[in-house]
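Fold and contact review
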Amino acid sequence: MTEQTQTETPIPAREAAEPASEPGAGAVPQAAPESQAAPELPPEAASAEPKKSRKPLLRGIARWTAAVLVCGAVGTGTALGITAMERTDVPGLATESDGRWDYPKLALPALPEGALRPFTDGNEGEIHHADLRKLLLPAPAGATVDPKLDGGWVGLDSYLALMKEKDRGEVKQELADSALRHVAARGWTMPDGTTTRIHLLRFSSVAFSEAYKDESVREVSAQLRRLPDGVESAEIDLEAQGADVPYVSVYAYQEQPPYGPEQTRWAYVQAGDTLALISQTRKGGALTVPFRQTVTLQAQLLG
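The next thing to look at is the confidence of the model for the chain. For the chain, the mean per-residue pLDDT works out to 77, and 67% of the residues sit at or above 70. Note on residues 12-58: pLDDT is under 50 here. Beyond four places in sequence and across chains, it has one contact. Confidence drops under a pLDDT of 50 for residues 65-95, and excluding neighbours within four residues, the segment shows seven contacts in the predicted structure.

Encoded structure:
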């Protein structure tokens, strides 16, 4: 695999009122009659009077300035405290979880120098030049990672183990004929028991990737072969199928009731020369929200 040489690229007042006018502001002053004009002060009185009248004024200004500074400091501290808090820590702003998992911040991996991302001009072959392992969706917070599926390379048997035993031989031969290049995988289990498995298969060309996807979808739709191990019948999962990512095809399914103690949802995500198989199994029923979230995020990384 080509070494990475580039940096990663990151992957959804009211105006203050006008101050009140001072009493009498705007009034035109009237000239005092000459008979009532203020008497002229001696020179020494004229110089002493302003000093005496300024002291109360200066003390008042100092007191108001101190009060404004204190209030401003308190207000600023409150604002900084709120912006530094999580939304759920602020009284009145707490929100309940909608069922989505807390995934790390995602970023597209670096490319070898001079390489182009798929679905861009100049990459007509829709080839993923990035390290396939870096295109795997990371495990969300709280997950227990499967040590056998820790985001590294895996053998083909790891992928085939997801299928019914009677179908594995035929699929293995088909993948051999398709010149499959690499398989990378990651798996984890959440505290509620949901087990997730993601396998990325990179083919030698987009034609092989699409052909394998078409055959797999056709077999599942016909209820003939390639159902996950333990699944007897399937139906289209319209919720997850709605994951809309440009240039990426998503085919999602769920196990039809009645099923056993567990239910399985799975999806094929085909993007250029790479195909992802995402499966989730949970006792009592695989949940819609985390499954669609997982499918959408993995599709975005491949797109």
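Leu137, Trp188, Leu200, Val269 and Val295 are the most contacted members of the largest nonpolar core, which has 32 residues in total. For this core, the secondary-structure elements that each account for two or more residues are strand S4 (182-189), strand S5 (195-202), strand S7 (249-255), strand S8 (262-271), strand S9 (274-283) and helix H6 (288-302). Here this core takes six residues from H6, the largest share from any one element. One finds Ala185, Tyr212, Leu227 and Tyr268 within the second-largest nonpolar core, a separate group that totals 22 residues.

For the rest of this paragraph, the subject is the sheet that holds S4. Read from one edge of the open sheet, seven strands run S3-S4-S5-S9-S8-S7-S6, paired in antiparallel fashion. The sheet is open, and its two borders are formed by strand S3 (144-153) and strand S6 (234-236), each paired with just one other strand. Taken pair by pair, the neighbouring strands of this sheet meet at an average axis angle of 15 degrees, ignoring direction. The sheet contact formed by S7 and S8 spans six bridges and is antiparallel. Bridged to Val250 within S8 is Val269. Seen against the sheet, helix H4 (residues 206-221) touches S7, S8 and S9 and runs at an angle of roughly 150 degrees to S8.

The next point concerns empty space enclosed by the protein. As a volume, the largest cavity reaches approximately 60 Å³. Around the largest cavity sit Leu162, Met163, Arg226, Leu227, Pro228, Trp266, Tyr268, Leu277 and Ser279, which together line it. Of the residues belonging to the lining of the largest cavity, the class tally is seven nonpolar, one polar and one charged.

Our focus in this paragraph is the packing of aromatic side chains. Using the criterion set out here, one finds five aromatic pairs in the structure. With centroids separated by 6.4 Å and ring planes inclined at 50 degrees, the aromatic side chains of Trp101 and Tyr103 adopt a geometry described as tilted. Where Tyr103 meets Trp188, the ring centres are 6.3 Å apart and the plane angle is 80 degrees; that geometry is what we call edge-to-face. Placement of the pair is Tyr103 in the loop between helix H1 (43-84) and strand S2 (107-108) and Trp188 in strand S4, with a sequence separation of 85 residues. By the burial criterion, Tyr103 is buried, and Trp188 matches it. Among the aromatic residues, those joined into a ring-pair cluster are Trp101, Tyr103 and Trp188.

What describes two packed helices is the angle between their axes and the distance between those same axes. Packing of helix H3 (residues 165-177) against H4 leaves a shortest axis separation of 10 Å and a crossing angle of 160 degrees. By the angle between their axes, H3 is roughly antiparallel relative to H4. Crossing geometry of H3 relative to H4 is assigned as right-handed. Along the contact surface, H3 presents Val171, Glu174, Leu175 and Asp177, while H4 presents Phe208, Tyr212 and Glu215. Looking at the contact of H3 with H4 residue by residue, the classes come out as four nonpolar, no polar and three charged.

Quick look at the pattern of salt bridges now. Inspection of the entire model under this criterion finds 12 salt bridges. With its nearest N and O atoms 2.8 Å apart, the salt bridge here joins Asp131 to Arg133. When its relative accessible area of 30% is taken as the criterion, Arg133 is described as partly exposed. Note that Arg226 is salt-bridged to Glu174, the shortest N-O span being 2.2 Å. Here Arg226, found in the loop between H4 and S6, pairs with Glu174, found in helix H3; they are 52 residues apart in sequence, far enough to count as distant. With respect to class, Arg226 is no different from Glu174; both count as buried.

Criteria and thresholds
Residues numbered from 1 in each chain as written. Predicted model: local features only at pLDDT ≥ 70, side-chain atom pairs only at ≥ 80, totals over all residues. Heavy atoms only, no water. pLDDT = per-residue confidence, 0-100. Contact = heavy atoms within 4.5 Å. Core = buried A, V, L, I, M, F, W, Y, C linked by side-chain atoms within 4.5 Å. Buried < 20%, exposed > 50% of the residue type's maximum accessible area, 1.4 Å probe, protein only. Helix = DSSP H or I, 4+ residues; strand = E, 2+ residues; numbered from the N terminus. Pairing = 2+ DSSP bridges. Axes fitted to C-alpha atoms, helices over the stretch in contact; angles between N-to-C directions. 1 Å grid on protein atoms, 1.4 Å probe; cavity = no way out; pocket = protein on both sides within 12 Å on 5 of 7 lines; lining within 4 Å. Points joined across faces, edges and corners; volume = space filled by probe spheres on them. Nonpolar A, V, L, I, M, F, W, Y, C, P; charged D, E, K, R; others polar. Phe/Tyr/Trp six-rings, centres within 6.5 Å; stacked < 30°, edge-to-face > 60°. Parallel < 35°, antiparallel > 145°, perpendicular 65-115°, else oblique. Left-handed = near helix turned anticlockwise from the far one by under 90°. Salt bridge = Lys/Arg side-chain N within 4 Å of Asp/Glu carboxyl O.

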